[in-house]
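Structural description and commentary
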Amino acid sequence: CVLLPLLSVKPPQQSLFLLVDSIDEGSHFGEGEQRSSPGSPRTIAELLASHHEFLPPWLLLICSARRQNKAITKLFTGILPSSAC
């Protein structure tokens, strides 16, 4: 519902960003708990982590989460290229 319209939009002259603040809010699985299978994400964090590569290159994804929520931060570990850190 979101990717196809984004991909059909004429790319803007400058990059835009999508900010998802407190992506860990409402996530109740803990450190040892398994997340859902890749084909069926159950949280916004899982959805974004498993589909970020499909976002258009002109759209930057920025997410915030509490450091204490290791299950969420692990979803996004290794996504950024080293030059972006």
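Residues numbered from 1 in each chain as written. Predicted model: local features only at pLDDT ≥ 70, side-chain atom pairs only at ≥ 80, totals over all residues. Heavy atoms only, no water.

As recorded by an unreviewed UniProt entry, the chain carries the name Ankyrin repeat domain-containing protein 50 and is attributed to Xenoophorus captivus.

Overview of the overall build of the chain
Broken down by element type, the chain carries three helices and two strands. Secondary structure elements in the chain, listed N-terminal to C-terminal, are α-β-α-β-α. Residue burial in the chain is summarised as follows: out of 85 residues, 22% are buried. (Helix = DSSP H or I, 4+ residues; strand = E, 2+ residues; numbered from the N terminus. Buried < 20%, exposed > 50% of the residue type's maximum accessible area, 1.4 Å probe, protein only.)

Regarding a nonpolar patch on the surface
A cluster of nonpolar side chains, namely Phe17, Leu19, Leu60 and Ile62, defines an oily patch on the protein surface of about 410 Å² accessible area. Those elements that place two or more of their residues in the nonpolar patch are β1 (16-20) and β2 (59-63). Along the chain, the position of Leu60 falls in strand β2. For Leu60, a relative accessible area of 44% gives the class partly exposed. (Patch = residues over 30% accessible without salt bridge, like charges linked within 9 Å, V, L, I, M, F, W, Y side chains within 5 Å. Areas by Shrake-Rupley, 256 points an atom, 1.4 Å probe, with all protein chains shown as cover. Salt bridge = Lys/Arg side-chain N within 4 Å of Asp/Glu carboxyl O.)

Let's talk about the environment of Leu75
One can find Leu75 in helix α3 (residues 70-75). Spatially, the C-alpha atoms of Leu75 and Ser50 are 8.3 Å apart, while their sequence positions differ by 25 residues.

Quick look at unusual backbone geometry
Backbone geometry places Ser22, a non-glycine residue, at a positive phi of 55°. Along the polypeptide, Ser22 turns up in the loop between β1 and α2 (44-51).

Here we look at the nonpolar core
With seven residues, the main nonpolar core is built from Val20, Ile23, Ala45, Leu48, Ala49, Ile72 and Leu75. Among the secondary structure elements, those contributing two or more residues to this core are α2 and α3. Considering each element in turn, this core owes the most residues, three residues, to α2. If sequence neighbours within four positions are ignored, Ile23 has contacts with Ala45, Leu48, Cys63, Ser64, Ala65, Ile72 and Phe76. (Core = buried A, V, L, I, M, F, W, Y, C linked by side-chain atoms within 4.5 Å. Contact = heavy atoms within 4.5 Å.)

Some details on α2
Listed in full, the buried residues belonging to α2 are Ala45, Glu46, Leu48 and Ala49. Seen end-on, α2 carries its buried residues on one side only, within an arc spanning 165°. Looking at the buried positions of α2, the neighbouring elements they touch are β1, β2 and α3. (Arc of directions from axis to C-beta.)

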